[in-house]
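# Overview (structure and organization)
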Amino acid sequence: MQNSDQALPVKDRRPHALGDLKIIPDEIICSMLEHLTPRDVGRLACVSSVMYIFCNEEPLWMSLCLKKASGLLQYKGSWKKTALHLRYYRCHTVLDGFSFDSQLVKRKKIVTREEFDRECAEEPILLSGLADTWPARNTWTIDQLLTRYGDTAFRISQRSVRSISMKFKDYVAYMNVQHDEDPLYIFDYKFGENAQGLLEDYRVPDLFQEDLFNVLDGDMRPSYRWVIIGPQRSGASWHVDPALTSAWNTLLCGRKRWALYPPGRVPLGVTVHVNEDDGDVNIETPSSLEWWLDFYPLLADDDKPIECTQLPGETIVVPSGWWHCILNLETTIAVTQNFVDSKNFEFVCLDFAPGYRHKGVCRAGLLALEEESLEGGGKNTSAGDHDMSYPDLTRKEKRVRVNRCGEIQNHEEDTNGVSKNYNSSKQDFSYDINFLAKFLDEDRDHYNFPWSSGNCTGKREMREWLYKLWVGKPEMRELIWKGACLALNAGKWLELLEEICNFHKLPTLTAEEKLPVGNGSNPVYLMADCVVKIFVEGGFESSIYGLGTELEFYSLLAKVNSPLKNYIPDVLASGILYVENGSYTIVPWDGKGVLDVIGKCNLTLLNCKQEEFPFGIWSKKQFEYRSAWMSVSKLSTSDGCNRIWPYIITKRCKGKMFAQLRDALSGEDVLNLASFLGEQLRNLHLLPCPPFNESSLSDKLKTEPPFNNGFVEDVVDTSSVPAEWEIFIRTLARKKKNLVNRLTAWGHPIPKALIDKVDEYIPDDFVKLLDIYQDENGLNKVCKPCSWIHSDIMDDNVYMEPCCASSRSNGNAADTGPMVNGSINGYDEFGEAKSWHCSHIIDFSNLSIGDPIYDVIPIHLDIFRGDSSLFKQFLESYKLPLVRRMQQHGSGGGKFSRLSYHAMPRNTWDGAPEWCLRERCYCILHDDNVLGTIFSTWKELRTAKSWEEVEMTVWGELNNYKGYA
């Protein structure tokens, strides 16, 4: 019998209750919890019994309380109760009697444009009378909007990357009962789409009619107008408006409290993070209510912001670069717009410039600089000093933070800098464009530097904006050129263009021809009869392979006399421009042989000197595969070859790009376009592939370089794969790594439920996609034809010409010659084309060899925008088999036998690294968010239950394709 006095063994609950966290010592867990908010700590306490103990430790709540507390602290019996009481107090604060003694923002009645430019353009001002005639002045009340738009969904502002909407009636119900510390409020930039009547209730005041973003249409234009509705305690925390734009804000209902600081002065309690890699700016700030209650009382009179209480009918103007914070004292309704005018244009262009130092200085003044840079008065730092390899996901940041009243610290990563008083540093700061431009990176390269995800527009859209301004507003060209030099370093590219033009005796450049066009990932110049493209994307090594492959392709077209050559611009000249002994030298080059200037460069791959085109397609593919581990900055400045530029000159196409004609074409013209693309893609895919040097590729693949973090990629079994396909399979396997994390980071509109299932949908063994079989000689063959692929047939790479034109009003026939019209070739504004036909496909700089299905993807998603009738018309003209019937070779069928399945998981078969992935469509395995395009085009798929449902909706027509057989 067991002794009753014997103690039962005590079970250690820690391993089971903590799960994967069990390996972390208690001290580290306690330290981690101190970085959470009180609300999150309370939630975490419910996870398990052990976590409950950790989350109820008094030292933890003492730390959380003291981080939030300021001024007089009232102890409530425990630190947990004290910390939670602070939040309860803020949630139930009533602001009806919230008043201030000072009204420091100037107030004025309606002013003329001349007065505004002279007295008001550089500091905030409150203007009255601008909205007196608006219908919104009387109709924008909660009750009236509820009647008109109760069932209309509006976007909600919150601290989340997800897009949240609420019907207005539901939001009003929430607003009337909520007691949130930081309430949700409507901040909708698409209100004009869902509630178009609101646009008719107000008009942009005459003072702000100049908006240089107006030249951009539709989705190309950055978000610029918002309707704002929120209860008391809601508001906008400290920020500087996007891209250093200016803004006007008109209040229609309620009262708003504004606080503003001039450019370069970081408010108390705010931290500015500037990413050293891409210049992305993130601001860490308390909520508006928290700042007014906890930080504002700590300020000395000299440190207080410029303030005002905005009343209904008043319009406040916030100039470029000014910090501002807004608190709604009661339920408010307002409308606001950001704008770019001639006053702030250069600042906006400066903010689009690559690099990070100038962005920090614009927002945080000289405190954003390193100590040595501050002493140097604008010393530039080389991009190479901050290089990070592509697998390393660490973000190097500068932090400038105001910790206590009058005390500011400058941090680099986790190292504390020397504290400096604000006044000691601001004396040399000036929000002047010439001063701020000193902090630009001297070696900045718009075409190769990373583009900040925080920019309000894309890289291509920014270039298109500048080019449209350049062509459309000749009276502003002096100002636009200054902006282009800041954003694009346009002066550098113009200098190269002039050397090329002089060497080839091209006509003298006109003013209109001096700025590169917006589309294209290299500097491209449209001249009267020709187009000059300077290869810079990815650096010299990438550029030389790009031009070499393009020249090999053109040579092949002429040799086989393909009909495709009639629809591709003629090559007029090509060569290499480089700097030698301080002066420019040009050597013509047709892609054959290795020029001395190239041979002197220590290129990654140069083992094909015996080939006719040593930098042709197969050499390019090997380079792309092996350079996947290299960072952008290493590629763009490799081996001192950053002062060598390949270039090509082609004949200029007549007509217009399809991108500009899309909405004007007849249904018949668009069907003809689909047929044209099918025919020419057929001609492209029928071209013979160059001989493949199997030994060269195999030797290179035997020694896989490790990732920079020390790990080697998983071994891929490609023993059964024909050598020309081996590199593609390895590339696909690499792209699958971290797929779920990448899709999760992209987020909306990709459904979370599908992200969780993506690993089940993507094959573990990509060799199955090839459906390999043995021929009668025992050689391994692939069911997919290996073809030349364009990689980038999108709406801006297809040109169309008018079949005929109507007469002008005076009876004269329209000019049928090419003329510059906006950003493209075309007929002048007096001519109206009755019908258009396709004439050319351009931009073969992304040529590759691989799966022909890859070329179908951008055509269907970008040109056809998912139109199944156009897709069907295209396939009927294409006629080639995209894959041989797999069943005849003993395939097991299933999803691998569906062409639609091959389209969905298709990545580029060309092994392209991240830096050269631009406007391509690779669907699930694409490094860019192409899935976002799919779920934006087919919104109904956001509720799809499976990837198969997405596949069949988008690509199902492929399964009916007769060319399959």
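Before reading on, note that the structure itself is shown above.
Below: a short report on this structure. (Residues numbered from 1 in each chain as written. Predicted model: local features only at pLDDT ≥ 70, side-chain atom pairs only at ≥ 80, totals over all residues. Heavy atoms only, no water.)

## Some thoughts on the packing of aromatic side chains
For the coordinates displayed, the defined rule picks out 40 aromatic pairs. With a centroid separation of 5.5 Å and an interplanar angle of 35°, the aromatic rings of Phe208 and Phe339 are classed as tilted. Residue Phe208 is found in the loop between helix 11 (191-194) and strand 6 (225-230), and its partner Phe339 is found in strand 15 (residues 332-339); the two are separated by 131 residues along the sequence. Residue Phe208 is classed as buried on the basis of its relative accessible area, which comes to 3%. A network of ring pairs unites the aromatic residues Phe116, Trp134, Trp140, Tyr202, Phe208, Trp248 and Phe339 as a single cluster. The ring of Tyr224 has Arg221 lying over it, and the distance from NZ or CZ to the ring centre is 3.4 Å. (Phe/Tyr/Trp six-rings, centres within 6.5 Å; stacked < 30°, edge-to-face > 60°. Helix = DSSP H or I, 4+ residues; strand = E, 2+ residues; numbered from the N terminus. Buried < 20%, exposed > 50% of the residue type's maximum accessible area, 1.4 Å probe, protein only. Lys NZ or Arg CZ within 6 Å of the ring centre and 35° of its normal.)

## A word on helix 21 (residues 539-560)
Here helix 21 contains 22 residues, and its C-alpha end-to-end distance of 32 Å stays within 8% of the 32 Å for a straight helix at 1.5 Å per residue. With 18 of its 22 residues buried, helix 21 lies for the most part within the structure. A positive backbone phi angle near 55° is found at Asn561, which sits one or two residues after helix 21. (Expected span 1.5 Å × (residues − 1).)

## A short note on the environment of Phe116
Inspection of the secondary structure puts Phe116 in helix 7 (residues 113-120). Among the residues examined, Phe116 registers a relative accessible area of 4% and is labelled buried. Along the primary structure Phe116 and Leu207 are separated by 91 residues, whereas in three dimensions their C-alpha atoms are 7.8 Å apart. Setting aside residues up to four positions removed in sequence, Phe116 forms contacts with Val111, Ala121, Ile125, Leu127, Leu207, Phe208 and Val317. (Contact = heavy atoms within 4.5 Å.)

## A look at unusual backbone geometry
Although it is not a glycine, Asn561 adopts a positive phi angle of roughly 55°. Accessibility expressed as a relative area gives 51% for Asn561, which makes it exposed. With phi around 50°, Arg865 is a residue other than glycine that occupies positive phi space. In this structure, Arg865 sits in the loop between helix 32 (853-863) and helix 33 (868-878).

## With respect to the sheet that holds strand 12 (residues 306-310)
Read across the sheet, 4 strands follow the order 7-14-9-12 without closing on themselves; strand pairing throughout is antiparallel. This sheet does not close on itself; its edge strands, each paired only once, are strand 7 (235-239) and strand 12. Strand after strand, the sheet turns through a mean of 15° between neighbouring axes, direction not considered. Summarising the sheet, strand 7 and strand 14 (residues 323-328) pair through 3 bridges and their orientation is antiparallel. Across the sheet, the residue bridging to His239 is His324, located in strand 14. Seen against the sheet, helix 12 (residues 288-295) touches strand 7, strand 9 (256-261), strand 12 and strand 14 and runs at an angle of roughly 95° to strand 14. (Pairing = 2+ DSSP bridges. Axes fitted to C-alpha atoms, helices over the stretch in contact; angles between N-to-C directions.)

## Focus on the packing of helix 13 (residues 345-352) against helix 18 (residues 459-472)
Where helix 13 meets helix 18, the closest approach of the two axes is 12 Å, and the angle between their N-to-C directions is 150°. Accordingly, the angle class assigned to the pair helix 13 and helix 18 is roughly antiparallel. Every pair of crossing elements has a handedness; the one defined by helix 13 and helix 18 is left-handed. In this structure, helix 13 uses Phe345, Val348, Cys349 and Phe352 to contact helix 18, whose residues at the interface are Met462, Trp465, Leu466 and Leu469. For the contact of helix 13 with helix 18, a count of residues per class yields 8 nonpolar, no polar and no charged. (Parallel < 35°, antiparallel > 145°, perpendicular 65-115°, else oblique. Left-handed = near helix turned anticlockwise from the far one by under 90°. Nonpolar A, V, L, I, M, F, W, Y, C, P; charged D, E, K, R; others polar.)

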